[in-house]
Amino acid sequence: MTLTGLDLALATEPSFLIFAGLTGMLGAASVDLGPFASVEQAVLTETVPASGRNVAFARYSLTGGLFNAAGGLAATLATSAAAGRAFFLLYAAIGVATAVLPLFMTSRVEGDDRGPAFGRIRPLLGLAALFALDSLGGGFVANAVVAYWLHVRFGVGASVLGPVFAAVAILQALSYEVSGRLANRIGLINTMVFTHLPSNVLLLLVPFSPNLPWAIALLLARFTLSQMDVPARQAYVVSIVPPSERAGAVAMTGAVRGVAQSFGPPLAGVAIGVAAFGVPFFAAGALKILYDLALFSGFRNRRASHERG
């Protein structure tokens, strides 16, 4: 049955969020990409009332982001053969826990509506194309490219890069909570655009940094804003289609984003070759700003179902 009671949502959501967080810790690519994302996000939509959907998706991303950061920090401890074996055993144990946790969920996370998982694809094509453009831009500024640029430009090593990227992961995770509350005030599309656009302007400014402190400050400011669109995007996609098609909508848009993101490695290779000149930052910033403007132009008047009225 579809859940509408807040008490039932609070009873169901903690175990689900732990599950989502562990899958985020296991994930190799992104907090909101992977084979489980479509099911997770459809389930989450059923377990909270519509009025709490924006904040619920923010908590979902926050949990995954914090576990993801914890996984990255834990990996730095595996510096010897023995530690590496222990790390992989821990990884396997987390995988088992991730498989077991869903067994504690009840059928109440399932929706009432039954129908085809994939309904009308056409309304989602424009949105999926824009998401692909955003992912394509992100391929130019993968963490490896940013780290290499900092090394080439300012000569920094792992002792600086490690704490910087740890701070990035934590700031991004905390920004998800802000995103959910902001979406309640100004709307999902506005939250996506009005946080993402300034982050991309900051991205364009990074290559002009006169010294390392300025570069780190701009990068931290940029990454603090750059992922606030994630929970808003997730809540928006599941809210513009009928309940039975939510998993299919997330799967379709996620697949398109994943294909675009698959160009990341070759783009990163090319970008690293010209990283000293700041080209990756200009390319990524330009593509992502184009995405922001197109998204606002095409979807600002198309509200999610729980935002109407």
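Fair warning: this is a prediction, and the values are worked out from it, not measured in the lab.

Each value, and the rule that gives it
- Residues numbered from 1 in each chain as written.
- Predicted model: local features only at pLDDT ≥ 70, side-chain atom pairs only at ≥ 80, totals over all residues.
- Heavy atoms only, no water.
- Helix = DSSP H or I, 4+ residues; strand = E, 2+ residues; numbered from the N terminus.
- Buried < 20%, exposed > 50% of the residue type's maximum accessible area, 1.4 Å probe, protein only.
- Contact = heavy atoms within 4.5 Å.
- Axes fitted to C-alpha atoms, helices over the stretch in contact; angles between N-to-C directions.
- Parallel < 35°, antiparallel > 145°, perpendicular 65-115°, else oblique.
- Left-handed = near helix turned anticlockwise from the far one by under 90°.
- Nonpolar A, V, L, I, M, F, W, Y, C, P; charged D, E, K, R; others polar.
- Expected span 1.5 Å × (residues − 1).
- Arc of directions from axis to C-beta.
- Phe/Tyr/Trp six-rings, centres within 6.5 Å; stacked < 30°, edge-to-face > 60°.
- Lys NZ or Arg CZ within 6 Å of the ring centre and 35° of its normal.
- Salt bridge = Lys/Arg side-chain N within 4 Å of Asp/Glu carboxyl O.

**Describing the overall build of the protein**
Working step 1: Secondary structure summary: the protein contains 13 helices and zero strands in total.
Working step 2: Split into buried and exposed, the 309 residues of the protein put 47% on the buried side.
Working step 3: At a minimum sequence separation of 6, the contacts of the protein that also span at least 24 residues come to 86%.

**Structural notes on the packing of helix H7 (residues 158–186) against helix H9 (residues 212–226)**
Working step 1: Between H7 and H9, whose axes approach to 7 Å, the crossing angle comes to 30 degrees. Here H9 runs roughly parallel to H7, going by the angle between their axes. Relative to H9, the crossing made by H7 is right-handed. Residue-level contacts link Val-160, Val-164, Ala-167, Val-168, Leu-171, Gln-172 and Ser-175 of H7 to Ile-216, Leu-220, Phe-223, Thr-224 and Ser-226 of H9.
Working step 2: For the contact of H7 with H9, the class distribution of residues is eight nonpolar, four polar and no charged.

**A closer look at helix H6 (residues 143–154)**
Working step 1: The end-to-end C-alpha distance of H6, which contains twelve residues, comes to 16 Å, matching closely the 16 Å that a straight helix rising 1.5 Å per residue would cover.
Working step 2: Within the span of H6, buried status applies to Val-145, Val-146, Ala-147, Trp-149 and Leu-150.
Working step 3: Looking one or two residues past H6, Gly-155 carries a phi angle of roughly 70 degrees, positive in sign.

**Concerning helix H4 (residues 81–100)**
Think of an α-helix as turning once every 3.6 residues; residues three or four places apart then point the same way.
Working step 1: With 20 residues, H4 ought to run about 28 Å at 1.5 Å a step, and its terminal C-alpha atoms sit 29 Å apart, in line with that.
Working step 2: All of the buried residues along H4 are Gly-84, Ile-94 and Thr-98. Here the buried residues of H4 occupy an arc of 75 degrees about the axis, which is enough to place them on one side. Exposed and facing more than 90 degrees away from the buried side of H4 are Ala-81, Arg-85, Leu-89, Val-96 and Ala-99.

**Thoughts on the packing of aromatic side chains**
Working step 1: All told, the structure shown has five aromatic pairs when counted by the stated rule.
Working step 2: Their ring planes at 90 degrees and their centres at 5.7 Å tell us that Trp-149 and Phe-154 sit as a pair that is edge-to-face.
Working step 3: Judged by its relative accessible area of 0%, Trp-149 is buried.
Working step 4: In this structure Phe-154 comes out as partly exposed when scored by relative accessible area, which is 23%.
Working step 5: Put simply, the rings of Trp-149, Phe-154 and Phe-281 touch in pairs and so form one group of aromatic residues.
Working step 6: Over the ring of Phe-131 we find Arg-233, and its NZ or CZ is 5.6 Å from the ring centre.
Working step 7: Taking NZ or CZ as reference, Arg-300 lies 5.5 Å from the ring centre of Phe-296, over its face.

**With respect to the packing of helix H8 (residues 188–205) against H9**
Working step 1: Relative orientation of the contacting elements H8 and H9 amounts to 155 degrees, with a least axis distance of 8 Å. Between H8 and H9, the angle falls in the class roughly antiparallel. Crossing of H8 against H9: the hand is left-handed. Contact residues: H8 offers Thr-195, His-196, Pro-198, Ser-199, Asn-200, Leu-202, Leu-203 and Leu-205, while H9 offers Leu-218, Ala-221, Arg-222, Leu-225 and Ser-226.
Working step 2: The residue inventory of the contact of H8 with H9, partitioned by class, reads seven nonpolar, five polar and one charged.

**A short note on the pattern of salt bridges**
Working step 1: Counted by the stated rule, this structure contains five salt bridges.
Working step 2: When the shortest N-O distance is used, the salt bridge between Asp-134 and Lys-288 registers 2.7 Å. Here Asp-134 is found in helix H5 (residues 122–138), whereas its partner Lys-288 is found in helix H13 (residues 279–299), with 154 residues between them in sequence.
Working step 3: The class for Lys-288 is buried, based on a relative accessible area of 7%.
Working step 4: Across the pair Arg-181 and Glu-177 runs a salt bridge, and its minimum N-O distance is 3.0 Å. One end of the pair is Arg-181 and the other is Glu-177, both in helix H7 and four residues apart, which spans about a single turn.
Working step 5: For Arg-181, a relative accessible area of 46% puts it in the partly exposed group.

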